[in-house]
Amino acid sequence: MSDKIQFQQREQLKEKPDQSSLTFGKVFTDYMLSFEYSIDKGWHDLKIIPYGPIELSPAAQCIHYGQSVFEGLKAYKHDDEVVLFRPEENFKRINMSLSRLKMPEVDEALLLEGLKQLIDIERDWVPQGEGQSLYIRPYVFATQEGLGVHPSHEYRLLIILSPSGSYYGGDSLRPTKIYVEDEYVRAVRGGVGYAKVAGNYAASLLAQSNANSEGFDQVLWLDGVEQKYVEEVGSMNIFFVIDGKVVTPELNGSILPGITRKTVLELAKTLGYEVDERRVAIDELYQYHKEGRLQEVFGTGTAAVISPVGELQFKDEKIVINDNQTGPITQKLYDNYTGIQSGKLEDPHGWRVVVPKY
Ligand SMILES: *Cc1c(COP(=O)(O)O)cnc(C)c1O
């Protein structure tokens, strides 16, 4: 298992960016992990190669019919160690996404091993500043040439790495303004909403862009059938603190099962909060707000970790949450979550995975 993966060195290493200027997903490291699939050979040719342009047929199936899935996770550096956070969950989820799009599943343990070897080579690229990390993007796309509609016979998997600062830039706990989308929907039950597929994002961009031009940070999606129940935010799951209880919409087939969501639920329980996964209607939330029982709202996702919501707008009614301030439970969950990630706090759940030196 821990055999060294084939490694193709580049002639010249890139210059590393100034750590103080890091944004999100703009700079990439020297190397990437590559894996190929053909119907005859299965998954083969796992190797670490120089990061750079790839060759793709103009008739590649991913472009025309959208067989493309991805993942996102992060590596952190503290003292001299580089640590991943629950990476096995990401590889489990990529297989779930792959199988939904009739794409071939991968060996999760082998991929994790490949990722560790890649990151070991790139450890000098992991930034150490507050809120900074190495963002890891695994993805799989259909490469077979041809225009007939059928599951592709060939695929490519790549993992690329990007040293990144905080997602929204600057203060990661700045409360966001969210527009509750009442026209477009992101996903429906029976569709691909629960899978991390590229097309879900394509479907979301028009509403996201409309909301941005009205001064909102993100869109909150409602269910695709009745447009009544809350589902999730752009690239985050959504949580509410109602009467001191931590509440999030239950996974229903159209919501993406976030790993941060799962971790926050476990963490909240550990910290002694009552948690509830259930259907949450938008009208119900507005009612709770009127009664002074909706205390906090926050989103969760790998990129932004935990992001407080300061304002919700549904149709023409705006509500302000917790005086547009980060609430105490949001803050406590954020401190504990990032404390465990960064190694400042104990890790009783065994969520951190140290990248070995090979
Ligand atoms: C990735 C993603 C999330 C968050 O998932 P994490 O595993 O917590 O990063 C939430 N919603 C959507 C639509 C996503 O693509």
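Residues numbered from 1 in each chain as written. Predicted model: local features only at pLDDT ≥ 70, side-chain atom pairs only at ≥ 80, totals over all residues. Heavy atoms only, no water.

## What about the UniProt feature "modified residue: N6-(pyridoxal phosphate)lysine" (unreviewed entry) in the protein chain?
Defined as follows: UniProt positions are given in the numbering used here, feature names are shortened, and annotations may be inferred rather than shown by experiment. Here a helix means four or more residues in a row that DSSP labels H or I, a strand means two or more in a row labelled E, and each is numbered from the N terminus. Contact definition: two residues touch when any of their heavy atoms are within 4.5 Å.
Within this structure's numbering, the places UniProt gives as "modified residue: N6-(pyridoxal phosphate)lysine" (unreviewed entry) are K196. Examined against the element boundaries, K196 turns out to sit in the loop between β9 (176-180) and α4 (198-213). With residues up to four places along the chain from it excluded, the contact list for K196 reads V69, F70, E71, G72, R93, S97, Y201 and L256.

## A look at the site of the ligand
Cut-off, in case you're wondering: Whether a residue is near a molecule or strand depends on its heavy atoms: it is near if one of them lies within 4 Å of it. In protein, a polar contact means a hydrogen-donor-capable atom and an acceptor-capable atom, both N or O and within 3.5 Å, with residues adjacent in sequence counting only if both atoms are side-chain atoms; elsewhere, any N or O pair within 3.5 Å suffices. Each accessible area is a Shrake-Rupley result for a 1.4 Å probe, and residues are judged covered by the shown protein chains and nothing else. For this scheme, ten residues count as nonpolar: Ala, Val, Leu, Ile, Met, Phe, Trp, Tyr, Cys and Pro. Four count as charged, namely Asp, Glu, Lys and Arg, and the remainder, Gly too, count as polar.
For the ligand, the set of nearby residues contains 15 residues, the closest of which are K196, Y201, E232, T260 and T302. Within the contact set of the ligand, an oxygen atom lies 2.8 Å away from a side-chain nitrogen or oxygen of R93. E232 is positioned such that a nitrogen or oxygen atom in its side chain is 2.5 Å from a nitrogen atom of the ligand. In isolation the ligand offers 380 Å² of accessible surface; the protein chains occlude 97% of this area. Counting only elements with at least two residues in the shell around the ligand, the list comes to β12 (236-242) and α5 (259-270). Of the residues assigned to the shell around the ligand, the class counts are four nonpolar, seven polar and four charged.

## Some details on the pairing of strand β3 (residues 42-50)
Threshold: Residue burial is assigned from relative accessible area. The probe radius is 1.4 Å, only protein chains are included, and a residue is buried under 20% of its type maximum, exposed over 50%, and partly exposed in between. Any two strands between which DSSP finds at least two bridges are classified as paired.
In terms of burial, β3 is largely enclosed, as seven of its nine residues are buried. Two strands pair when backbone bridges link them, and strand β1 (residues 6-7) and β3 are joined in this way by two bridges, in the parallel orientation. In the sheet register, Q6 faces β3, and the bridge partner there is K47. The antiparallel pairing of strand β2 (residues 31-38) with β3 creates a hairpin that spans three residues between the two strands.

## Some words on a nonpolar patch on the surface
The test is simple: Only residues whose relative accessible area exceeds 30% and that form no salt bridge enter a patch; like-charged residues are grouped when within 9 Å of one another, and nonpolar side chains (Val, Leu, Ile, Met, Phe, Trp, Tyr) when within 5 Å. Any carboxyl oxygen of Asp or Glu that lies within 4 Å of a side-chain nitrogen of Lys or Arg is treated as forming a salt bridge with it.
Together, Y65, L147 and V149 make up an exposed nonpolar region whose accessible area comes to about 330 Å². Within the fold, V149 resides in the loop between β7 (133-142) and β8 (154-164). Of the residues examined, V149 reaches a relative accessible area of 68% and is grouped as exposed.

## Structural notes on unusual backbone geometry
The backbone of K102 sits at a positive phi, close to 55°, despite the residue not being glycine. Mapping K102 onto the fold places it in the loop between α2 (87-100) and α3 (108-121). One non-glycine residue, Q227, lies in the positive phi region at around 50°. Assignment of secondary structure puts Q227 in the loop between β10 (218-222) and β11 (230-233).

## Remarks on the domain arrangement of the protein chain
What counts here: For every domain, the bounds stem from an assignment made automatically or drawn from a database. What counts as buried area is the accessible surface, traced by a 1.4 Å probe, that two parts surrender upon association, with contributions from both included.
The domains assigned to the protein chain are domain 1 (6-166) and domain 2 (176-342). The distance between the C-alpha centroids of domain 1 and domain 2 comes to 27 Å. With 21 residues of domain 1 in contact, the opposing surface of domain 2 contributes 23 residues. Buried surface at the junction of domain 1 and domain 2, both sides included, amounts to about 2,000 Å², of which 61% is carbon and sulfur.

## Here we look at the environment of N210
Turning to its location among the elements, N210 is positioned in helix α4. Considered as a pair, N210 and E55 are 155 residues apart in the sequence and their alpha carbons are 34 Å apart.

## Digging into the packing of α2 against α3
Describing two packed helices takes the angle between their axes plus the distance from one axis to the other. Our working definition: Where helices are involved, their axes are fitted lines through C-alpha atoms of the stretch in contact, as for all axes, and angles between N-to-C directions lie from 0 to 180°. Angle categories are assigned with fixed cut-offs, so that under 35 degrees is roughly parallel, over 145 is roughly antiparallel, 65 to 115 is roughly perpendicular, and the rest are oblique. Each crossing gets its handedness from the near helix: less than a right angle anticlockwise from the far helix is left-handed, clockwise is right-handed.
Two numbers describe how α2 lies on α3: the axes approach to 10 Å, and their chain directions differ by 130°. In terms of axis orientation, α2 runs oblique to α3. Read as a crossing pair, α2 and α3 show a hand that is right-handed. On the side of α2, the interface is formed by P87, F91, K92 and N95, while α3 contributes E108, L111, L112 and L115.

## Some words on the packing of aromatic side chains
Rules: Whether two aromatic rings pair depends on their centres lying within 6.5 Å, for rings of Phe, Tyr and Trp, where Trp uses its six-membered ring; planes under 30 degrees apart make the pair stacked, over 60 edge-to-face, and the rest tilted. The rule is short: NZ of Lys or CZ of Arg within 6 Å of the ring centre and within 35 degrees of the ring normal puts a charge over the ring.
Scanning the entire structure with this criterion turns up 13 aromatic pairs. Relative to F216, the ring of Y179 lies with its centre 5.3 Å away and its plane at 50°, an arrangement referred to as tilted. Remark: F216 occurs in the loop between α4 and β10 and Y179 occurs in strand β9; sequence separation between them is 37 residues. Sitting over the face of the ring of F216, K177 holds its NZ or CZ atom 5.6 Å from the ring centroid. The side chain of R279 reaches across the aromatic face of Y229, ending 4.0 Å from its centre.

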